[in-house]
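A structural walkthrough
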Amino acid sequence: MGFEDRISQLCKKLTHLGYYQYQIKNMMKEASGTSELAEANYIDRAKIVSVLEQYTQLGHAYMVSYSK
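This section reports on the structure supplied with the text. (Residues numbered from 1 in each chain as written. Predicted model: local features only at pLDDT ≥ 70, side-chain atom pairs only at ≥ 80, totals over all residues. Heavy atoms only, no water.)

**A closer look at the packing of aromatic side chains**
Tallied over the entire structure, the rule returns four aromatic pairs. For the ring pair tyrosine 62 and tyrosine 66, a centre distance of 4.6 Å and an interplane angle of 40° mean the geometry is tilted. Residue tyrosine 62 and its partner tyrosine 66 are both found in helix α3 (residues 42–66); the two are separated by four residues, about one turn of the helix. (Phe/Tyr/Trp six-rings, centres within 6.5 Å; stacked < 30°, edge-to-face > 60°. Helix = DSSP H or I, 4+ residues; strand = E, 2+ residues; numbered from the N terminus.)

Here it is as structure tokens:
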């Protein structure tokens, strides 16, 4: 699975967790300096994946904690 596929998968998970598109774009911009994936190089894409995975974990933990 390439970075683009993983980023797409993580974006779908974040949307499902309740994040808005503008929030996801801000996460990507904060990680790489650009919100456009096409402008991100290999290292920036790795940073984006890492940040999106962290937010996915946080969102999941929040859902588990407050859905009881």
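**Some thoughts on the pattern of salt bridges**
On inspection of all chains with the given rule, the structure shows two salt bridges. With a closest N to O distance of 1.9 Å, arginine 45 and glutamate 4 form a salt bridge. Of this pair, arginine 45 sits in helix α3 while glutamate 4 sits in helix α1 (residues 3–16), and the two are 41 residues apart along the sequence. A salt bridge links glutamate 53 to arginine 6; the shortest N-O distance between them is 3.1 Å. With glutamate 53 in helix α3 and arginine 6 in helix α1, this residue pair connects regions lying 47 residues apart in the sequence. For arginine 6, a relative accessible area of 22% translates into the label partly exposed. (Salt bridge = Lys/Arg side-chain N within 4 Å of Asp/Glu carboxyl O. Buried < 20%, exposed > 50% of the residue type's maximum accessible area, 1.4 Å probe, protein only.)

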